[in-house]
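# Per-entry structural report
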Amino acid sequence: MSENDSSNPHIVADQIGGRLHQIFDDLITIEKKGGMDDAACEQRFLSQSLAALSLLHYSDSNVSDAAAAITDGGKDDGIDAVYVSEAHKKLFLVQSKWLKNTNKGIPLDEFTRFRDGVKRVVNLAWDERNSNLHPHREKIERLLRDIDAEVIMVFAHTSEQDLSEDIERAWTEYLDEQNKYGELVKPEVFSLKEARETARSRTRPEDIGLSVMLRNWGLIAEPYRAVYGSVSAQDLVAWLRDNGDKLFAENLRFGIEKSEVNDGIRTTATDDPQNFWYFNNGVTAICDEFAKQAVGGSTTDSGVFDVKKISVINGAQTISSLFKAQSNGATLENVFVHLRLISLAGTPENFAVDVTTANNTQNDLSPMDFVAADPNQDRIRREAAQSGLIYTYRRGDQDPPKDAGFNLREATIAAACASGELRLAVSAKRYISGLWENTKREPYTRLFNEDTDAEWLWRAVQIERIVDEVLEEKSKELEGRERLVATHANRFILFRVFEEIKDDIKENQVDEGLHTVVKDLTSEFFRITFELVEERFPDAYPGNIFKNTERQLEISQAIQKIRSEEE
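The text that follows walks through the structure, step by step, so that each part is easy to find. Treat the numbers as computed from the prediction; the structure is a model and nothing was measured.

Within the protein chain, the secondary structure is distributed over 24 helices and 13 strands. Across its three principal axes, the protein chain shows a C-alpha extent of roughly 80 × 65 × 40 Å. Accessible surface, the protein chain: about 26,500 Å² in total, of which carbon and sulfur atoms supply 44%. Taking the 69 positively charged and 99 negatively charged side chains of the protein chain as two groups, their mean positions are separated by 1 Å.

Below you can see the structure in the form of structure tokens.
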């Protein structure tokens, strides 16, 4: 393509259209309906395949996944494609507008229909308007029950004009409304520029090629070629910025956004950059082949390697955390990471699968391993055994049957929600590993200390199970926002229940009478909580409300006031 061609939007659109046929002709078919002529069928094909192309750009989907995500057909509520990435905990909702005349702008009503459709999906409002999306309902609802879920709202179009100020304003208002109490919805505009780049490369993971500078590198020639050395953290961040999640397409773990490991990575990169290489496990990637450039000669001090079809198979958390650190202002100038690059050239069949699996199934230390070293945990186990109960707190321990005992996770949630401190209940919901990070200080020592009694923990866990059982049953029966509140408010409601009965479980067993009281309290607190959510935060996503301590405190205080007025 000449430079003039690349700057002419009409020519670019035509070229993208041709590539869309190459990619999707065998996967997206258009039926002639209602007197549609060939031009109308072509317009619909291009619009649908543009939506699929945007998924190739932003998500971990392959071509078949992207084509299967198309929903366009009349009852889509303005949403032309739906793709759920369970590994990345992301829901992609796409509207696509293929404009034959690229000079034409996007009307406001086209966007607002998309916005309102997204709003109904987020609120689990299923009706005739979005019946084309119903085949994705189970996956969507399962994802949105996860507190770490993210919704990617993609507006794909071929207009050479920027989105109008009215659309920008409407989008900003919607994002402010949805993300007021925590980020849930992320906007993306897939314009001619992104479409051209993606159409040229198809942005599939096997098509990612790059050059990497390695310092203090070394080469392994037998039995299979590999190279290793130190790579700049800034280069790794650029890989992710340029290629998105497809960089990790063959990684089994991906870049989990919130974990104690990721927090540690970001902290070290920001506060202790010179030691990052020593503290971090590094990154492992596979590729079709690599070749060293002539620059640098034979010295191993530094070398630049051209890499074909690279995929990071271990280290996604490292790269994602470095990306986040840089986004938060860290320079990363003095941060280096160990990189292993393994060539698949000449390797046996299934070697890529085997090396990927092996690199992701080794036993890394977790906060739970440090908890296991706390003498209080073994004391609780021994006390539980004296009462005929099994308490497990080590990784690898087999959990006992429900009527025979309990485990560390259950005990932590119960203790946090019974602590009288809402912040600990929020942590139990949002980030339970954070409660285990340091066994020498709070919050861990607030929950587990010399005074923590095994029998009291057992009673607290029994209350936890009753509350969970009631809310799980409600979740099955309810729809829309009520169902989301039943899912996301579970720890908040458990906290409120404990506030009511904390004196009853100090000495008393959880008998049938207390069981009934807890069930009734759970139902009552759910009812009041939902009413308060709808009254005070009608447009907020429930998952974000129940990650936010300030919002839960407001609801809790309102509940206390209601309860006191009833008495």
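What follows concerns the nonpolar core. Ranked by size, the top nonpolar core spans 65 residues in total, and within it Tyr 391, Phe 448, Ile 463, Ile 493, Val 497 and Ile 555 carry the most contacts. Not counting residues within four places of it along the chain, the set of residues in contact with Val 497 comprises Ile 463, Val 467, Val 518, Leu 521, Thr 522 and Phe 525. Core analysis: the second largest hydrophobic core is formed by 35 residues, Leu 214, Ala 233, Leu 236 and Phe 248 among them.

A few words now on the side chain of Asn 123. Following the sequence through the fold, Asn 123 ends up in the loop between helix H5 (108–122) and helix H6 (137–144). In contact with Asn 123, not counting residues within four places along its chain, are Gly 480, Arg 481 and Leu 484.

Below, the discussion takes up a nonpolar patch on the surface. Taken together, the side chains of Trp 277, Tyr 278 and Phe 279 make up a nonpolar region of the molecular surface, amounting to roughly 390 Å² of accessible area. On the secondary structure map, Phe 279 appears in helix H11 (residues 276–279). Exposure remark for Phe 279: the relative accessible area of 55% places this residue in the exposed category.

With 14 residues, helix H7 (residues 165–178) should cover 20 Å at 1.5 Å per step; its first-to-last C-alpha distance of 20 Å lies within 8% of that length. Contacts made by the buried residues of H7 are with H5, strand E3 (150–157), strand E4 (185–190) and helix H23 (542–545).

Another aspect to go through is the pairing of E3. As a general feature of sheets, a regular strand has side chains that alternate between the two faces. When you tally the buried positions in E3, you get eight out of eight residues, the bulk of the element. Pairing geometry for E3 and E4, over six bridges, is parallel. In the strand pairing of E4, Met 153 is matched with Pro 187. Between the parallel elements E3 and E4, the chain passes through H7 in a crossover that is right-handed.

Moving on, we get to the sheet that holds E3. Across the sheet, four strands lie side by side as E1-E2-E3-E4; this open sheet has mixed pairing. For this open sheet the edge positions go to strand E1 (81–85) and E4, each flanked by a neighbour on one side alone. Strand after strand, the sheet turns through a mean of 20 degrees between neighbouring axes, direction not considered. Across the sheet, H6 is in contact with E1, strand E2 (90–97) and E3; its angle to E1 comes to roughly 50 degrees.

Now for the packing of helix H21 (residues 490–501) against helix H22 (residues 512–536). Two numbers describe how H21 lies on H22: the axes approach to 9 Å, and their chain directions differ by 125 degrees. Between H21 and H22, the angle falls in the class oblique. In the crossing of H21 with H22, the sense of the turn from one axis to the other is right-handed. Touching Phe 492, Ile 493, Arg 496, Val 497, Glu 500 and Ile 501 of H21 are Val 517, Val 518, Leu 521, Thr 522, Phe 525, Phe 526 and Thr 529, all from H22.

Turning next to the environment of Ile 286. Of note, Ile 286 is situated in strand E7 (residues 283–287). Ile 286 gets classed as buried once you look at its relative accessible area, which sits at 2%. Counting along the chain gives 265 residues from Ile 286 to Arg 551, while the straight-line C-alpha distance between them is 45 Å.

Reading the values: the criteria
Counting starts from 1 at the beginning of each chain's written sequence and moves along it residue by residue. Reporting of local features is limited, given that this is a predicted model, to residues whose pLDDT is at least 70; pairs of side-chain atoms are given and counted only at 80 or more, and all residues count toward the totals for whole chains, interfaces and linings. To get the side-chain values, all heavy atoms of the structure are used, and hydrogens and water are removed first. In this text, helices come from DSSP runs of H or I with a minimum length of four residues, and strands from runs of E with a minimum of two, each type numbered from the N-terminal end. Throughout, the Shrake-Rupley method with a 1.4 Å probe supplies accessible areas, and for residues the shown protein chains are the sole cover considered. For the purpose of counting charges, residues Lys and Arg are taken to be positive, whereas Asp and Glu are taken to be negative. His and the chain ends are not included. Here the site of a charge means NZ on Lys, CZ on Arg, CG on Asp, or CD on Glu. Residues enter a nonpolar core if they are buried and are Ala, Val, Leu, Ile, Met, Phe, Trp, Tyr or Cys, with the set joined through side-chain atoms within 4.5 Å. With a 1.4 Å probe rolled over the protein chains alone, any residue whose accessible area is under 20% of its type maximum counts as buried; one over 50% counts as exposed, and the rest are partly exposed. We call two residues in contact whenever any of their non-hydrogen atoms come within 4.5 Å of each other. The patches reported here contain residues having more than 30% relative accessible area and no salt bridge. Joining distances are 9 Å for like charges and 5 Å for nonpolar side chains (Val, Leu, Ile, Met, Phe, Trp, Tyr). Salt bridge, as applied in this entry: a Lys or Arg side-chain nitrogen positioned within 4 Å of an Asp or Glu carboxyl oxygen. Residue count minus one, scaled by 1.5 Å, sets the expected span of a helix. DSSP-based pairing: two strands are paired if at least 2 bridges between them are found. With the strands pointing away from the viewer, any crossover whose connection runs clockwise from the first strand over the helix to the second is right-handed. Note on definitions: angles span 0 to 180 degrees between N-to-C directions of axes, and those axes are lines fitted to C-alpha atoms, for helices only across the stretch in contact. Angles below 35 degrees are treated as roughly parallel, those above 145 as roughly antiparallel, those between 65 and 115 as roughly perpendicular, and all remaining angles as oblique. For any helix crossing, the convention is left-handed if the near helix is rotated counterclockwise from the far helix by under a right angle, and right-handed if that rotation is clockwise.

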